[in-house]
Amino acid sequence: MKPPQFLYARPQTLEEALSILDEYGADAKILAGGQSLIPLLNFRLARPAVLVDIALVDEISAIRVEDGILSIGAGVRQRVVELSSEVGEASPLLSESVSHIGHLQNRIRGTVGGSLAHADPAAELPAVMMCLGATMVVRSGSGERSIPADEFFVGPFTTVLGDSEMLCDVRIPINPSARSHILELSLRKGDFALAGVCGQLTLSEGRVADLDLIAFGVDAVPLRLTEAEDAVRGRQPAPDILTEAMRLAGSAIDASFADVHADGAYRAAVVGEYTHRVLVEMTR
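Along each chain, residues carry numbers from 1 onward, in the same order as the chain's sequence is written. Since the coordinates come from a predicted model, pLDDT governs what is reported: local features require at least 70, and pairs of side-chain atoms require 80 or more to be given and counted, while whole-chain, interface and lining totals use all residues. Calculation of side-chain values draws on the structure's entire complement of heavy atoms; hydrogens and water are dropped beforehand.

*Asks:* Explanation requested: the overall build of the protein chain in the structure shown.
*Replies:* Helix and strand definitions follow DSSP, with helices as H or I runs of at least four residues and strands as E runs of at least two, each counted in order from the N terminus. Each helix and strand in the protein chain was counted, giving 12 helices and 14 strands. When we talk radius of gyration, it's over C-alpha atoms, and the globule rule is simply 2.2 Å times the number of residues to the 0.38. Against the compact-globule benchmark of 19 Å for 284 residues, the protein chain has a radius of gyration of 19 Å, which places it among compact chains. Projected onto its principal axes, the C-alpha coordinates of the protein chain cover approximately 60 × 45 × 30 Å. A simple rule labels every residue: compare its accessible area, found with a 1.4 Å probe on the protein chains alone, to the largest value its type can have, and call it buried under 20%, exposed over 50%, or partly exposed in between. Scored against the burial criterion, the 284 residues of the protein chain give a buried share of 50%. Contacts: residue pairs with any heavy atoms within 4.5 Å of one another. Long-range pairs, those at least 24 residues apart, make up 61% of the contacts in the protein chain between residues at least 6 apart in sequence. About 13,300 Å² of surface is accessible on the protein chain, with carbon and sulfur atoms providing 50% of the total. Here the protein chain contributes 24 positive and 38 negative side-chain charges, whose respective centroids are spaced 6 Å apart. Reported accessibility uses the Shrake-Rupley method at a 1.4 Å probe radius. Residues are deemed covered only where the shown protein chains occlude them. We treat Lys and Arg as the positive residues and Asp and Glu as the negative residues; His and chain ends play no part in the count. Charge coordinates come from a single atom per side chain, which is NZ of Lys, CZ of Arg, CG of Asp or CD of Glu.

As structure tokens, this is what we get:
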């Protein structure tokens, strides 16, 4: 298997990278870690006119904590996030979730922004960013815009990014009192999830003050479990309440979402069970 012919650009600044994207538009592809793009090229499922390698763009390669916000540059390697004490303290859910991504070799090369822009519905990071209420900072030659994670993913491998736009930064609100957890089921460790659930909640006077529950691997995009959230939010997390949330989470899964690995009913059962386990862990 060999990739098709393409031009290769290796900009050293963000301005230079955006200029190339402006010039080529839909005919350009950004190369970050290459863990998804290189196989697509080799299978000739992607045929860009120019490959824009952003490995040398320092402006998108930093982790910062400032004014209650954890900012992660889109070019930061997943392994760096996994090992970062700053990330572990500011966002335990993100730190925990990264360890589920692929294998060590994938995380050493793969980037945060690359996973988010690729938008695989079974990937961990899109779901986690929705759960954390993250904001995607996107830039092009004509300006910058901020997009809530809930609005960023619109379909399988599809985001709202325009042809000349580039995801540059992810900003995550820091909630020191939040509790979080993630569970996923895969055929083998390192495989994409057949189904998974991540959650974050805060407690106030014994009641669930706020709650986010996101399922992944079960729909075209990460799925917010709204009915399960509503069943728990504002109430004491008693066993019967958590059992009802489990039922509602499972019923939210489309039974027609099936592939060679699992049918919709099985995925629904996993999401229900994992929702219950995540809630129990967060409310101990």
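Additional details are given in the paragraphs that follow.
*Asks:* Help me understand the sheet that holds strand β2 (residues 28–31), please; the structure alone is not making it clear to me.
*Replies:* Pairs of strands are assigned from DSSP output, requiring at least two bridges between the strands. In spatial order, the strands read β1-β3-β2; together these three strands make up an open sheet with parallel pairing. Either end of the sheet is taken by a strand with one partner, and the two such strands are β1 (7–9) and β2. Taken over all neighbouring pairs, the strand axes of this sheet differ in orientation by 25° on average, direction set aside. With three bridges connecting them, β1 and strand β3 (residues 50–53) associate as parallel partners. Counted as the bridge partner of leucine 7 is valine 50 from β3. Note on definitions: angles span 0 to 180 degrees between N-to-C directions of axes, and those axes are lines fitted to C-alpha atoms, for helices only across the stretch in contact.

*Asks:* Looking at this structure, I do not really get the pattern of salt bridges. What am I missing?
*Replies:* Two side chains bearing opposite charge may form a pair once their charged atoms approach each other closely. Whenever Lys or Arg places a side-chain nitrogen within 4 Å of a carboxyl oxygen from Asp or Glu, that contact is recorded as a salt bridge. Considering all chains together, one arrives at 17 salt bridges under this definition. Aspartate 212 is the salt-bridge partner of arginine 224, the closest N and O atoms lying 2.8 Å from each other. On the criterion of sequence distance, the pair formed by arginine 224 in strand β14 (residues 223–224) and aspartate 212 in strand β13 (residues 207–216) is long-range, its members being 12 residues apart. The class for aspartate 212 is buried, based on a relative accessible area of 17%. The salt bridge involving glutamate 229 is made with arginine 224; its shortest N-O contact spans 2.9 Å.

*Asks:* Teacher, can you tell me more about the sheet that holds strand β6 (residues 135–140) here?
*Replies:* Backbone-to-backbone hydrogen bonds join strands into a sheet, with any given pair of strands oriented parallel or antiparallel. Across the sheet, five strands lie side by side as β4-β5-β10-β6-β7; this open sheet has antiparallel pairing. With partners counted over all chains shown, the strands left at the sheet margins are β4 (63–66) and β7 (143–148), one partner each. Direction aside, the axes of adjacent strands within the sheet are offset by 20° on average. Alignment of β4 against strand β5 (residues 69–73), held across four bridges, turns out to be antiparallel. Bridging across to β5, isoleucine 63 finds its partner in isoleucine 72. Packed onto the sheet, helix α1 (residues 14–24) meets β6 and β10 (166–173) and runs at close to 125° relative to β10.

*Asks:* Would you take a moment to explain the packing of helix α11 (residues 239–251) against helix α12 (residues 264–282) for this structure?
*Replies:* Two quantities define a packed helix pair, namely the angle between the helix axes and the distance between the axes. Their axes nearest at 7 Å, the elements α11 and α12 cross at an angle of 150°. Where α11 crosses over α12, the handedness of that crossing is right-handed. On α12, the residues touching Leu242, Thr243, Ala245, Met246, Ala249 and Gly250 of α11 are Ala268, Val271, Gly272, Glu273, Thr275, His276, Leu279 and Val280. The residue makeup of the contact of α11 with α12, split by class, is eight nonpolar, five polar and one charged. Definitions for this section: a left-handed crossing has its near helix turned counterclockwise from the far helix by less than a right angle. A right-handed crossing has that turn clockwise. Here the nonpolar group is Ala, Val, Leu, Ile, Met, Phe, Trp, Tyr, Cys and Pro; Asp, Glu, Lys and Arg are the charged ones; every other residue, Gly included, is treated as polar.

*Asks:* How should the nonpolar core be read in this particular structure?
*Replies:* As a rule of thumb, nonpolar side chains are buried together in soluble globular proteins. We define the nonpolar core as a collection of buried residues of types Ala, Val, Leu, Ile, Met, Phe, Trp, Tyr and Cys that are connected through side-chain atoms lying within 4.5 Å of one another. Core analysis: the biggest nonpolar cluster contains 37 residues, and Ile72, Val81, Leu94, Leu116, Met129, Met136 and Ile172 have the highest contact counts within it. No other element matches helix α8 (residues 124–131), which puts six residues into this core. Not counting chain neighbours up to four residues away, the residues in contact with isoleucine 72 comprise Ala62, Ile63, Val81, Val87, Leu94, Val112, Asp169, Val170 and Ile172. Judged by nonpolar contacts, the second largest core, of 27 residues, contains Val208, Ile241, Ile253 and Met282.

*Asks:* Sorry if this is basic, but what is going on with α11 here?
*Replies:* A turn of α-helix holds 3.6 residues, and therefore any two residues three or four places apart point the same way. Here, expected helix span is obtained from the residue count minus one, scaled by 1.5 Å. With 13 residues, α11 extends 19 Å between its outermost C-alpha atoms, agreeing within 8% with the 18 Å of an ideal straight helix rising 1.5 Å per residue. For α11, the complete set of buried residues consists of Ile241, Leu242, Ala245, Leu248, Ala249 and Gly250.

*Asks:* Where do I start with the state of the cysteines in this structure?
*Replies:* Cysteine pairs can be covalently joined through their sulfur atoms, and such a bond is termed a disulfide. Throughout, disulfides are identified as pairs of cysteine sulfur atoms within 2.5 Å of each other. What the rule picks out here adds up to zero disulfides. Between cysteine 198, a free cysteine, and cysteine 131, which holds the nearest cysteine sulfur, the sulfur-to-sulfur gap is 4.3 Å.

*Asks:* Which parts of the structure should I look at to understand the packing of aromatic side chains?
*Replies:* For any pair of aromatic rings, the description rests on two quantities: the centre-to-centre distance and the angle between the ring planes. Two aromatic rings, drawn from Phe, Tyr or Trp (for Trp, its six-membered ring), form a pair once their centres lie within 6.5 Å of each other, and the interplanar angle then sorts them: stacked below 30 degrees, edge-to-face above 60, tilted otherwise. What the rule picks out here adds up to one aromatic pair. When the ring of phenylalanine 152 is compared with that of phenylalanine 153, the centres are 5.1 Å apart and the planes differ by 90°; the resulting orientation is edge-to-face. Relative accessible area serves as the criterion here: at 0%, phenylalanine 152 is assigned to the buried category. Overall, phenylalanine 153 belongs to the buried group, its relative accessible area being 8%.

*Asks:* Looking at this model, I keep getting lost on the pairing of strand β11 (residues 179–185). Mind explaining?
*Replies:* Strand residues, when the strand is regular, have side chains that alternate between the two faces of the sheet. Most of β11 is tucked away, with five of its seven residues classed as buried. Here β11 pairs with strand β12 (residues 195–204) via seven bridges, running antiparallel. Looking across to β12, one finds that glutamate 184 is bridged to glycine 196.

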